[in-house]
Amino acid sequence: MNTIPKTIHFCWFGGNPLGEKELACIESWRRFLPDYKIVRWDESNFDVRSCSYVSEAFDAKKWAFVSDYARFKILFDHGGLYFDTDVELISPIDDIIAVGPFMGFETDCPGFGNNVDALKAAATVAAGLGLAANPGLGLAANPGLGLYKRIIDSYSKDHFVKSDGSLDKTTVVYRVTAILREFGLENVEGIQQVAGVHIYPSEFFNPKSFETGEINITVNTRSIHHFSMSWFGEKDLFEYKVGKRLRNLGLPRGVVFKLCAAAEIIRFADINRVINRLRR
């Protein structure tokens, strides 16, 4: 029996007002799930000192990383649905909710789907992950879901600030995909069920390419993740926008990488940053 509560959760840390785009996405949730309660979580009702990782991320004002932990703690405690505030529902998802807990693939296995480049951009190919699950696309869970306890524990054992003072910016996509591999995630096409969670191909919840912005909607598409990139700093966002334009011109990845590095030198005169990127 499906016991997912009729509540939609979202996180908004940092104290800034919601923008027009975020409000439009939230309105789309109301339109397609009118009988669901929507709950906002922020500093006023979530314990940002609940573990070292989230406390350090909060102090560093890296709100997206606070949300990475908070979403799983909230769903483990309360159950319901979760969406990032840049997710727009465009079609009913009642049939998917009825099946049980879910999340979506940001990218499908290499050679399948339209978001393989995003997987490379997230540096998960180098780790041999192949598929990449993105918990920001949408989550649903019953309270006390075991998989989410495993994810929560992984954060509780970590620090956001490393011993050398640098920040651990390992993405939630990488972390969750690696944990799903522990539970049997395979590098195959189609819907998979892992640890009681159905994980849907990118066409369902992520039809928009991270790198080009192209949207490919199919009969299965239920939402669009608009990639607001709230976790990006000014330089990261500049690099993304320049890279997107260059990739849309059809330039090879290596050429785009070098041109972005050169553009950063001109825009920010940050030679050390560029040297570190080229070394990688």
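These numbers come from a predicted model, not from an experiment.

Student: Kindly report on the overall build of the chain, identifying the contributing residues and their values.
Tutor: Check the secondary structure of the chain and you find eleven helices and ten strands. Each of the 280 residues in the chain was classed as buried or not, and the buried ones make up 48%. Here the contacts in the chain between residues at least 6 apart in sequence split such that 70% fall between residues at least 24 apart. Looking at the chain as shown, the accessible area adds up to about 13,200 Å², and 53% of this sits on carbon and sulfur atoms.

Student: Can you tell me about the pairing of strand β1 (residues 7–11), naming the residues and giving the values?
Tutor: In terms of burial, β1 is largely enclosed, as five of its five residues are buried. The alternating pattern of β1 places T7, H9 and C11 and I8 and F10 on opposite faces, both of which are buried. Strand direction decides the pairing type here: β1 and strand β2 (residues 37–41), joined by five bridges, are parallel. Directly across from I8, in β2, lies its bridge partner I38. Viewed along the sheet, the connection from β1 through helix α1 (residues 20–32) into β2 turns out right-handed. Here β1 pairs with strand β3 (residues 80–82) via two bridges, running parallel. Bridging across to β3, H9 finds its partner in Y82.

Student: Let's hear about the pairing of strand β5 (residues 102–107): which residues, and what values?
Tutor: Counting buried residues along β5, six of its six residues qualify, which places the element largely inside the surrounding structure. Across three bridges, β5 lies against strand β9 (residues 197–200) in parallel orientation. Directly across from F102, in β9, lies its bridge partner H198. Bridge count between β5 and strand β6 (residues 132–134): three bridges; the pairing is antiparallel. Counterpart to G104 in the pairing with β6 is N134.

Student: Explain helix α2 (residues 52–59) to me, and be specific about the residues and the numbers.
Tutor: Among the eight residues of α2, six are classified as buried, and the element is accordingly described as predominantly covered. Along α2, the residues that are buried comprise Y53, V54, S55, E56, A57 and F58. Where α2 is buried, its residues meet α3 (63–78), α6 (146–156) and α7 (172–182). Backbone geometry just after α2 places K61 at a positive phi near 60°.

Reading guide: rules and limits
Residues numbered from 1 in each chain as written. Predicted model: local features only at pLDDT ≥ 70, side-chain atom pairs only at ≥ 80, totals over all residues. Heavy atoms only, no water. Helix = DSSP H or I, 4+ residues; strand = E, 2+ residues; numbered from the N terminus. Buried < 20%, exposed > 50% of the residue type's maximum accessible area, 1.4 Å probe, protein only. Contact = heavy atoms within 4.5 Å. Areas by Shrake-Rupley, 256 points an atom, 1.4 Å probe, with all protein chains shown as cover. Pairing = 2+ DSSP bridges. Right-handed = clockwise from strand over helix to strand, strands pointing away.

Purely spatial values, then, with no claim about function.
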